[in-house]
Amino acid sequence: VALLAGVTRHEIATIIARVTPTTGAHTLVATMRAHGSLTALVSGGFAPFTDAVAQQLGFDETRANQLVFEKDVLTGAVATPVLGRAAKRAALEELRLLRNLSRAATLAIGDGANDLDMIKEAGLCVAFHAKPAVAEAPKPTAATAKTLAKEKPKDVKVENADKDAPEATPDA
């Protein structure tokens, strides 16, 4: 983060404008919300980026690390507390308790080692473009993103979600 010192809010906004969601993300969030699920983007990344992605995809809420600015310029610091592995699990637990859900009624999607505690806490987990630490985690993964993308819900119509997305291919 220290290397970002001196970057302006305007420069960050320019970068954010170039961010495109992963194929299937719109459909996943819209389908979950259509079925009454609370969707939360919990990331070890930085709030300016995650907030923009969450808004674009329709997440109910987002949690991420807060960058420190002085007069619209990054200082190179991150505000505390830093959201990492333990905070991701805590967010899942907190949201589950707020909604009075069983553990089995929760879903976590992750790709890296900082997602492992959250994934182990969830009733269902998905290894999405997973790094080895997640792909080889002891808790069995319910599906991969490619497998889920092949299975289209028949009872949910999602308007304008990934309309230009290519069809998923089976896992090799």
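None of the values given here were measured: they were computed from a predicted structure.

1. Some words on the side chain of glutamate 121
- Looking at the secondary structure, you find glutamate 121 in helix H5 (residues 116-121).
- The class of glutamate 121 is buried, set by a relative accessible area of 7%.
- The contacts of glutamate 121, once residues within four sequence positions are left out, are Arg89, Leu92, Glu93, Arg96, Arg103 and Thr106.

2. Notes on a nonpolar patch on the surface
- There is a patch of nonpolar side chains on the surface, built from Leu28, Leu107, Ile109 and Leu124 and spanning about 270 Å² of accessible area.
- Within the fold, leucine 28 resides in helix H2 (residues 25-34).

3. As for the pattern of salt bridges
- Taken as a whole and judged by the stated rule, the model has 10 salt bridges.
- The salt bridge partner of arginine 89 is glutamate 121, with a shortest N-O separation of 2.6 Å. Residue arginine 89 is found in helix H4 (residues 85-98), and its partner glutamate 121 is found in helix H5; the two are separated by 32 residues along the sequence.
- On the basis of relative accessible area, arginine 89 is assigned to the partly exposed category, the value being 30%.
- Put simply, lysine 131 and aspartate 111 hold a salt bridge, and the shortest N to O gap is 3.1 Å.

4. Regarding the packing of helix H1 (residues 9-16) against helix H3 (residues 47-57)
- At their nearest, the axes of H1 and H3 sit 10 Å apart, and the two run at 40° to each other. Looking at the two axes, H1 sits oblique to H3. Here the hand of the crossing between H1 and H3 comes out right-handed. Contacts between H1 and H3 involve Ile12, Ile15 and Ile16 from the first element and Pro48, Phe49 and Ala52 from the second.

5. Some words on H4
- Given a rise of 1.5 Å per residue, 14 residues ought to cover 20 Å, and the 20 Å separating the end C-alpha atoms of H4 matches this to within 8%.
- Residues of H4 that are buried: Lys88, Ala91, Leu92, Leu95 and Arg96. Across the axial projection of H4, the buried residues extend over an arc of 125°, all falling on one side. Opposite the packed face of H4, turned more than 90 degrees from it, sit the exposed residues Ala86, Leu97 and Leu98.
- Turning to H4, the residues buried within the fold contact strand S1 (40-46), strand S2 (61-65), strand S5 (107-110) and H5.
- Asparagine 100 lies just past H4 and shows a positive phi near 55°.

6. Topic: the environment of phenylalanine 59
- With respect to the secondary-structure elements, phenylalanine 59 resides in the loop between H3 and S2.
- Distance in space between the C-alpha atoms of phenylalanine 59 and alanine 30 is 8.6 Å, their sequence separation being 29 residues.
- Apart from the residues within four sequence positions on either side, phenylalanine 59 is in contact with Val29, Arg33, Thr39, Ala40, Leu41 and Ala54.

Each value, and the rule that gives it
Residues numbered from 1 in each chain as written. Predicted model: local features only at pLDDT ≥ 70, side-chain atom pairs only at ≥ 80, totals over all residues. Heavy atoms only, no water. Helix = DSSP H or I, 4+ residues; strand = E, 2+ residues; numbered from the N terminus. Buried < 20%, exposed > 50% of the residue type's maximum accessible area, 1.4 Å probe, protein only. Contact = heavy atoms within 4.5 Å. Patch = residues over 30% accessible without salt bridge, like charges linked within 9 Å, V, L, I, M, F, W, Y side chains within 5 Å. Areas by Shrake-Rupley, 256 points an atom, 1.4 Å probe, with all protein chains shown as cover. Salt bridge = Lys/Arg side-chain N within 4 Å of Asp/Glu carboxyl O. Axes fitted to C-alpha atoms, helices over the stretch in contact; angles between N-to-C directions. Parallel < 35°, antiparallel > 145°, perpendicular 65-115°, else oblique. Left-handed = near helix turned anticlockwise from the far one by under 90°. Expected span 1.5 Å × (residues − 1). Arc of directions from axis to C-beta.

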